[in-house]
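Chain by chain, the residues run as shown.
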Amino acid sequence: MRMLLAALCLIFSTQAFAVMPDEVLKDPNLEARARVISKELRCMVCQNQSIDDSDAQLAKDLRVIVRERLTAGDTDAAIFAFVEARYGEFVLLKPRINAHTIVLWISPVFIVLAGLVLIWRRKTPAIGAASLILTQDEEASIESLLKDYKA
C-alpha cells in the first residue's frame with residue numbers, strides 16, 4: 001500500500017519539478033506573466049506539453065528566455081513574436097487561424113457533419129424502397145416461374 005501511495009505521489013508531482021527555483025522571478029507580477037506565457041508555448045522536445053510543464057533542457061532554456069525578456073520590459077506579444085521567429089509557429093500550443101492552419105480549425109466541423117450525414121442516411125430508407133413491394137400479380141408470376149424452374 002505504501003508503494004502504491006509513493007508511486008501515485010511521484011506520478012502526480014512531476015509537474016511540480018518543471019519550473020526550478022532558480023528560474024522564479026522575484027517580482028510576483030512578472031512571474032505570473034511568465035507562467036501564463038510559458039503555459040502557451042510548446043516544448044519542442046515533448047511536443048504535447050507546455051514549457052511550463054516540461055522538465056526538458058530546451059523547455060528550461062525557453063523559460064529562462066521568457067523571464068529574461070520580461071525583465072527587459074518586453075510585452076507578452078513581443079515575447080511570443082520573438083520565440084515564434086526563433087522556433088516557428090509550431091512552438092505555439094494554440095495555433096493562430098491563418099491560411100496555413102485553416103484546415104486544422106475547420107476539419108473537425110466537417111468530420112462531425114460527415115458523421116451525422118452517414119448516421120442519418122443509415123436510418124432513412126432508400127429512395128426506391130417503396131417500389132420493392134410486389135403486387136399480387138407479380139408474386140403469382142414469380143411463383144409460377146419458380147415452379148417451372150424446380151420442375
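Before any of the text, the structure's been laid out above.
How each quantity is defined
Residues numbered from 1 in each chain as written. Predicted model: local features only at pLDDT ≥ 70, side-chain atom pairs only at ≥ 80, totals over all residues. Heavy atoms only, no water. Salt bridge = Lys/Arg side-chain N within 4 Å of Asp/Glu carboxyl O. Helix = DSSP H or I, 4+ residues; strand = E, 2+ residues; numbered from the N terminus. Buried < 20%, exposed > 50% of the residue type's maximum accessible area, 1.4 Å probe, protein only. Polar contact = N/O pair within 3.5 Å; in protein donor to acceptor, adjacent residues only side chain to side chain. Contact = heavy atoms within 4.5 Å. Phe/Tyr/Trp six-rings, centres within 6.5 Å; stacked < 30°, edge-to-face > 60°. Lys NZ or Arg CZ within 6 Å of the ring centre and 35° of its normal. Axes fitted to C-alpha atoms, helices over the stretch in contact; angles between N-to-C directions. Parallel < 35°, antiparallel > 145°, perpendicular 65-115°, else oblique. Left-handed = near helix turned anticlockwise from the far one by under 90°. Nonpolar A, V, L, I, M, F, W, Y, C, P; charged D, E, K, R; others polar. Patch = residues over 30% accessible without salt bridge, like charges linked within 9 Å, V, L, I, M, F, W, Y side chains within 5 Å. Areas by Shrake-Rupley, 256 points an atom, 1.4 Å probe, with all protein chains shown as cover. Lys, Arg positive; Asp, Glu negative; His and termini not counted. Charge placed at Lys NZ, Arg CZ, Asp CG, Glu CD.

Draft legend 1. Spotlight on the pattern of salt bridges. Evaluation of the coordinates by the stated rule reveals four salt bridges. The shortest N-O distance in the salt bridge between E31 and R67 comes to 2.8 Å. Here the residue E31 occupies a position in helix α2 (residues 28–38), and R67 occupies one in helix α3 (residues 57–72), the gap between them amounting to 36 residues. The same class applies to E31 as to R67, namely buried. Close ionic contact of R35 with D52 constitutes a salt bridge, the shortest N to O distance being 2.8 Å. Of this pair, R35 sits in helix α2 while D52 sits in the loop between α2 and α3, placing them 17 residues apart in sequence.

Draft legend 2. Structural detail: the side chain of S38. Position of S38 relative to the elements: it lies in helix α2. S38 sits in the buried class, given a relative accessible area of 0%. At a separation of 2.8 Å, a polar atom in the side chain of S38 contacts the main-chain carbonyl oxygen of A34. The residues touching S38, leaving out its near neighbours within four places in the chain, are S50, I51, D52, R63 and R67.

Draft legend 3. View of the packing of aromatic side chains. The full count for this structure, using the stated rule, is zero aromatic pairs. Over the face of the ring belonging to F90 we find R42, whose NZ or CZ atom lies 4.4 Å from the ring centre. In this structure, R69 packs its charged tip against the face of F82, placed 3.7 Å from the ring centre.

Draft legend 4. View of the packing of α2 against α3. Remark: α2 packs on α3, axes separated minimally by 10 Å, with the N-to-C direction vectors making an angle of 135°. One way to sum up the angle between α2 and α3 is to call them oblique. Our pair here, α2 against α3, has a crossing hand that is right-handed. Only R63, V66, R67, L70 and T71 of α3 make contact with α2, whose side of the interface consists of L30, E31, R33, A34, R35, I37 and S38. Grouping the amino acids of the contact of α2 with α3 by side-chain chemistry returns five nonpolar, two polar and five charged.

Draft legend 5. Quick look at a negative patch on the surface. A cluster of like negative charges, contributed by D137, E138, E139 and E143, occupies part of the molecular surface. Residue placement: D137 occurs in helix α6 (residues 136–150). Overall, D137 belongs to the exposed group, its relative accessible area being 65%.

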